[in-house]
Amino acid sequence: MKFKSLEEQLVIIRRGVDEILPEKQLTDKIEKSISTKIPLNIKLGCDPSRPDLHLGHSVVLKKLRDFQDLGHNVTLVIGDFTAMIGDPTGRNKTRPQIDLKTTKVNANTYIKQASKLLDVKKLRVVYNSEWLSKIDFMQLINISAKFTIAQFLERDDFNKRYNNGIPISIHEFMYPLAQAYDSVFLRTDIELGGTDQKFNLLLGRDLQKEY
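Calculation notes
- Residues numbered from 1 in each chain as written.
- Predicted model: local features only at pLDDT ≥ 70, side-chain atom pairs only at ≥ 80, totals over all residues.
- Heavy atoms only, no water.
- Helix = DSSP H or I, 4+ residues; strand = E, 2+ residues; numbered from the N terminus.
- Rg over C-alpha atoms; globule rule 2.2 N^0.38 Å.
- Buried < 20%, exposed > 50% of the residue type's maximum accessible area, 1.4 Å probe, protein only.
- Contact = heavy atoms within 4.5 Å.
- Areas by Shrake-Rupley, 256 points an atom, 1.4 Å probe, with all protein chains shown as cover.
- Lys, Arg positive; Asp, Glu negative; His and termini not counted.
- Charge placed at Lys NZ, Arg CZ, Asp CG, Glu CD.
- Arc of directions from axis to C-beta.
- 1 Å grid on protein atoms, 1.4 Å probe; cavity = no way out; pocket = protein on both sides within 12 Å on 5 of 7 lines; lining within 4 Å.
- Points joined across faces, edges and corners; volume = space filled by probe spheres on them.
- Pairing = 2+ DSSP bridges.
- Axes fitted to C-alpha atoms, helices over the stretch in contact; angles between N-to-C directions.
- Phe/Tyr/Trp six-rings, centres within 6.5 Å; stacked < 30°, edge-to-face > 60°.
- Expected span 1.5 Å × (residues − 1).

## Looking at the overall build of the protein
1) Next: Each helix and strand counted, the protein has 11 helices and 4 strands in total.
2) Next: Taken over the C-alpha trace, the protein has a radius of gyration of 17 Å; the compact-globule value for 211 residues is 17 Å, and the two agree within 12%.
3) Next: For the protein, with 211 residues in total, the buried portion stands at 42%.
4) Next: A separation threshold of at least 6 residues defines the contact pool for the protein, and within that pool the share at least 24 residues apart is 77%.
5) Next: Within the structure as shown, the protein displays about 11,800 Å² of accessible surface, and the carbon and sulfur contribution to it stands at 55%.
6) Next: Charge centroids of the protein, computed over 32 positive and 27 negative side chains, lie 4 Å from each other.

Following this line, the structure appears as structure tokens:
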């Protein structure tokens, strides 16, 4: 297909976006996509920790639709595995874990709701339990070895809990690692997410560089 020009794509991509990190790499990727006529791989992850998508999801889903309309490949990652760990973002205490069966039930409603904003004929839907459940302990050690506790304690919610003597369970550190590995496994060019997910998204970029 014939892609829109770089300038035309950037006008659409920037609309309603808080940050592009880093924008220079985005423009480089779009330029390469146009010259090679190869679509970019765009990823959005949603954890089915509850039965319904919330209003905030509509913002990133609409942006995912923009990338669809621009001719790029979009993937909706249903985080049925990461939902079992529980996202610690913005939490002042450990989030209760849920089982895989519950996440699967919730995930069914997510796809139905997301289809109201996305072109399902051009949408790839995957479940991260497909690859995360197959990681063995040695692989987990190798992934973990690429980061430090100090890096994680720079994260605002972890930092506040640590300084206030509020417990942080080891498994909570696994959530950002698991989400980051999603990007590695899917060979993601661009990842979408809310500003509250910035730490997790940037960790994914760092892990992709390692691989």
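From this point, the discussion proceeds with the structure in view.
## Structural notes on helix α1 (residues 6-14)
1) Next: Burial in α1 covers these residues: L6, Q9, L10, I12 and I13. The buried side chains of α1 occupy one side of the element, clustering within an arc of 165 degrees when seen end-on.
2) Next: G16 occupies a position one or two residues after α1 and carries a positive phi of about 75 degrees.

## Some details on the layout of surface pockets
Empty space among the atoms becomes apparent when a probe as large as a water molecule is rolled across them.
1) Next: Roughly 780 Å³ of volume is contained in the largest pocket.
2) Next: Along its surface, the largest pocket is lined by 33 residues, and V17, E19, E191, L192 and G193 are the ones closest to its centre.
3) Next: Looking at the lining of the largest pocket, the elements with two or more residues in it are α2 (23-36), α3 (55-69), β4 (190-192) and α11 (198-210).

## Quick notes on the sheet that holds strand β3 (residues 123-127)
Each strand in a sheet pairs with its neighbour through backbone hydrogen bonds, running either in the same direction (parallel) or in the opposite one (antiparallel).
1) Next: Strand order in the open sheet formed by 4 strands is β3-β2-β1-β4, and the pairing between neighbours is parallel. Each having just a single partner strand, β3 and β4 make up the two edges of the open sheet. Each strand axis lies, on average, 25 degrees off the axis of its neighbour in the sheet, ignoring direction.
2) Next: Strand direction decides the pairing type here: strand β1 (residues 41-46) and β4, joined by 3 bridges, are parallel. Within β4, the residue paired with K43 across the bridge is E191.
3) Next: Across the sheet, helix α10 (residues 170-186) lies against β1, β2 (73-78), β3 and β4, angled at about 150 degrees from β1, the strand it touches most.

## Focus on the packing of aromatic side chains
1) Next: Going through the model one piece at a time under the given rule, you end up with 6 aromatic pairs.
2) Next: Judged by centre distance (4.5 Å) and plane angle (15 degrees), the rings of W131 and F185 are stacked. In this pair, W131 is assigned in helix α6 (residues 129-132) and F185 in helix α10, connecting sequence segments 54 residues apart.
3) Next: By relative accessible area, which is 5% here, W131 ends up buried.
4) Next: Residue F185 is classed as partly exposed on the basis of its relative accessible area of 42%.
5) Next: With a centroid separation of 5.1 Å and an interplanar angle of 65 degrees, the aromatic rings of F152 and F173 are classed as edge-to-face.

## So, the pairing of β2
1) Next: Burial of β2 is extensive: 5 of the 6 residues sit out of reach of the surface.
2) Next: With 6 bridges connecting them, β1 and β2 associate as parallel partners. The residue bridging L44 from the neighbouring strand is L76, located in β2.

## Observations concerning the environment of N41
1) Next: In this fold, N41 is placed in strand β1.
2) Next: Classification of N41 by relative accessible area gives partly exposed; the value is 30%.
3) Next: For the pair N41 and E31, spaced 10 residues apart in the sequence, the C-alpha separation amounts to 14 Å.
4) Next: Residues contacting N41, with those up to four places away along its chain left out, are N73, R187, T188, D189 and I190.

## What about α11?
1) Next: Compared with an ideal rise of 1.5 Å per residue, which puts 13 residues at 18 Å, α11 spans 19 Å between its outermost C-alpha atoms and is within 8% of the ideal.
2) Next: What α11 keeps buried is the set N200, L201, L203, G204 and L207. Buried positions in α11, seen along its axis, are confined to an arc of 155 degrees and lie on one side of it.
3) Next: On its buried face, α11 sits against α7 (137-144), α8 (149-153), α10 and β4.

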